[in-house]
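# What the coordinates show
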Amino acid sequence: MEFEQNKTIAYYDQHASEFAKSTVDVDFKEMQERFLEKIPLKAHILDFGCGSGRDTRYFMERGYQVTPVDGSKELCQKAECYTGVPVRHMLFQELEEQETYDGIWACASILHLSGQELLEVMPRMAAALKEKGIVYTSFKYGNFEGMRNGRYFLDMTEEKWTEMVQKTGAFKLEEYWITSDVRPGRGEERWLNIILRKK
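Quantities reported herein were computed from a predicted structural model and do not represent experimental measurements.

About the cut-offs
- Residues numbered from 1 in each chain as written.
- Predicted model: local features only at pLDDT ≥ 70, side-chain atom pairs only at ≥ 80, totals over all residues.
- Heavy atoms only, no water.
- Helix = DSSP H or I, 4+ residues; strand = E, 2+ residues; numbered from the N terminus.
- Contact = heavy atoms within 4.5 Å.
- Salt bridge = Lys/Arg side-chain N within 4 Å of Asp/Glu carboxyl O.
- Buried < 20%, exposed > 50% of the residue type's maximum accessible area, 1.4 Å probe, protein only.
- Phe/Tyr/Trp six-rings, centres within 6.5 Å; stacked < 30°, edge-to-face > 60°.
- Lys NZ or Arg CZ within 6 Å of the ring centre and 35° of its normal.
- Pairing = 2+ DSSP bridges.
- Axes fitted to C-alpha atoms, helices over the stretch in contact; angles between N-to-C directions.
- Core = buried A, V, L, I, M, F, W, Y, C linked by side-chain atoms within 4.5 Å.

Among the secondary structure elements, Gln 98 is positioned in the loop between β3 (88-89) and β4 (101-106). Between the C-alpha atom of Gln 98 and that of Lys 130, which follows or precedes it by 32 residues, the distance is 7.8 Å. Other than its neighbours up to four places away in sequence, Gln 98 contacts Ala 127 and Ala 128.

In structure tokens:
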């Protein structure tokens, strides 16, 4: 899987400008607020795969402490310019903090892991959260897993995700809901949105 991960990161490095441009101004307030409702005011959030830095900046403007990270060096630079804060360059598998964050925001990011990698990363996410911490994450809806449009994708259904949560044993599934893609011209794409709470 390392080859697929390297190809995915290379894709984002090569297309950082256009990716940032296509996502930075997308109105994602409904999801952002649904997540913030579940964590304390001024809480510490890990933006886990921050991309353009859109969500980091939104959370910071609302008074939250945010640590943004991304696996693409080029996107780290774009996000630093947009947010004005340092963005740590790291892979999901390199998460090692313990009981540091009130919430982890993993918006359309960990969907680039394989099923096996996700099973290894989820306990790391749980360990990085404080007691009863919250995760928001999202996946393209479906059963596909593999390379698509130059990147590795793990699509998800409610059944697949429930099984994933049971296997890791680190979280309880708080809620999930399906939405259409909010980017212009992408409304036919469906997304599975998920909120987890650390056990």
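Counted by the stated rule, this structure contains twelve salt bridges. Note that Arg 54 and Asp 55 form a salt bridge whose closest N and O atoms lie 2.8 Å from each other. Take Arg 54: its relative accessible area is 14%, and that puts it in the buried class. A residue is classified by how much of its surface remains accessible, and Asp 55, at 5% relative accessible area, is buried. In this structure, the salt-bridge partner of Asp 102 is Lys 130, at a minimum N-O distance of 3.4 Å.

As a further point, take the packing of aromatic side chains. Pairs of aromatic rings are described using the distance from one ring centre to the other and the angle between the two planes. Under the counting rule described, the total for this entry stands at eleven aromatic pairs. Sitting above the plane of the Trp 177 ring, Arg 34 keeps its charged end 3.5 Å from the centroid. Over the ring of Phe 153 we find Arg 148, and its NZ or CZ is 4.6 Å from the ring centre.

With that out of the way, let us pick up the sheet that holds β4. Strand order in the open sheet formed by seven strands is β3-β2-β1-β4-β5-β9-β8, with mixed pairing between adjacent strands. Two strands close off the open sheet at either side, each with one partner strand: β3 and β8 (171-180). As paired strands, strand β2 (residues 65-70) and β3 are joined by two bridges and run parallel to one another. If you follow Val 69 over to β3, its bridge partner there is Arg 88. Along the sheet face, helix α4 (residues 54-61) touches β1 (44-48), β2 and β4 and points at about 175 degrees away from the line of β2.

With that out of the way, let us pick up the nonpolar core. Phe 48, Ile 110, Leu 118, Met 125, Phe 139, Trp 161 and Phe 171 are the most contacted members of the largest nonpolar core, which totals 33 residues. At the level of elements, β1, β4, α6 (115-128), β5 (129-140), β7 (151-154), α7 (158-168) and β9 (190-198) are the ones that each hand at least two residues to this core. With six residues, the single largest contributor to this core is α6. Residues within four places of Phe 171 in sequence aside, it is in contact with Met 122, Met 125, Ala 126, Leu 129, Val 135, Val 165, Leu 196, Arg 197, Lys 198 and Lys 199. Judged by nonpolar contacts, the second largest core, of 18 residues, contains Phe 28, Leu 36, Ile 39 and Tyr 64.

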